[in-house]
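Summary of the model geometry
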Amino acid sequence: MYKLLTLSLLSLTLTLLPLTSKSQEKEPVVLIETNMGNLKAKLYNDTPLHRDNFIRLAKSGHYNGTLFYRVVKNFVVQGGSSDSRNAIAGQAIGYGKGVTIDAEIKPHHYHKKGALAAPRQPDRVNVFKESDIAQFYFVVGKKYTPEELDKIEKSINVPIKRAIQKKYYTPEKKAILDTLRAQKKVPEFRAIAEKIKSDINFEWENNTDKLYMDDEKRKAYTTIGGVHHLDKEYTVFGELIEGFDVLDKIAALPTDRQDRPFKDVRIISVKIIK
């Protein structure tokens, strides 16, 4: 009996080992060498499609010679499109091959400064928010004040809450409650009122469109900055860990009407270093 128990425990341990190892797997680190300096970023393991695709493209040399062709002040620095390689001055860039990968949008990955994310086509032609197969961007953004974040939350949440309230606290329900109040039928009044309140609270708690910024996100947006309105819309699959000064230099470049820098910012190579 003891031997059987020991073997069972050993079997269970061996079964769990790969899972434990997988969960503790280190995040890959990539080095993006440019003619303006180097950017070092880590790739998130919980966005495996984007992680593996970026690594595949880097190893194949896809990014070598491409440009950071789109620079928007206080917004993003975008690059990686195949049609930016050897592009002449003034050429429209960024149309690529039109190939996509599935979205991996995670609520805990947000658009703080330095976030590495994938651009995509707009919702009207891309309802599933699928990412471009090769292009990527780093967030530059701006710093928000706590008061600005409060206003942003209210501007999104108040209309949602009002719509939910209107759905359950209808004119018909109000008329019934008014009648019960006038008739002093307290138990009946409370039963209906509590049901309305419960329905409103349940739908509000489970609403995925409302905006909530926890302390970590608020700290990031008020100290290093970011672009809050991109959250939940685009896949963030990594973040910059070194080279913020280089990102700032690129973001400060003068650009033409298409947001392309007058001075080409060329990606020399992308290497997987860890």
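Cut-offs used in this document
- Residues numbered from 1 in each chain as written.
- Predicted model: local features only at pLDDT ≥ 70, side-chain atom pairs only at ≥ 80, totals over all residues.
- Heavy atoms only, no water.
- Domains from an automatic or database assignment.
- Helix = DSSP H or I, 4+ residues; strand = E, 2+ residues; numbered from the N terminus.
- Buried < 20%, exposed > 50% of the residue type's maximum accessible area, 1.4 Å probe, protein only.
- Lys, Arg positive; Asp, Glu negative; His and termini not counted.
- Salt bridge = Lys/Arg side-chain N within 4 Å of Asp/Glu carboxyl O.
- Polar contact = N/O pair within 3.5 Å; in protein donor to acceptor, adjacent residues only side chain to side chain.
- Contact = heavy atoms within 4.5 Å.
- Expected span 1.5 Å × (residues − 1).
- Bend = angle between axes of the 7 residues up to and from the residue.

Per an unreviewed UniProt entry, the protein chain goes by the name peptidylprolyl isomerase and belongs to Butyricimonas faecihominis.

Moving on, we come to the domain arrangement of the protein chain. Partitioning the protein chain into structural domains gives domain 1 (29-142 + 225-272) and domain 2 (147-206). Just the C-alpha atoms count here: the centres of domain 1 and domain 2 sit 44 Å apart.

This part takes up the side chain of Lys210. Residue position: Lys210 is located in the loop between α5 (186-205) and α6 (215-223). It turns out Lys210 is buried and unbridged, and the closest side chain with the opposite charge, Glu205, is 5.1 Å from it. Reaching out from Lys210, the side chain makes a polar contact with the backbone oxygen of Glu205 at a distance of 3.1 Å. Setting aside anything within four residues of it in sequence, one finds Lys210 in contact with Asn157, Ile160, Trp204, Glu205 and Lys232.

Our focus in this paragraph is helix α3 (residues 146-168). Under the 1.5 Å per step criterion, the end-to-end length of α3 is 33 Å for 23 residues, consistent within 8% with the ideal 33 Å. Along α3, the sharpest kink reaches roughly 25°, centred on Asn157 and followed within four residues by the proline Pro159. Packed against the buried residues of α3 are α4 (171-182), α5 and α6.

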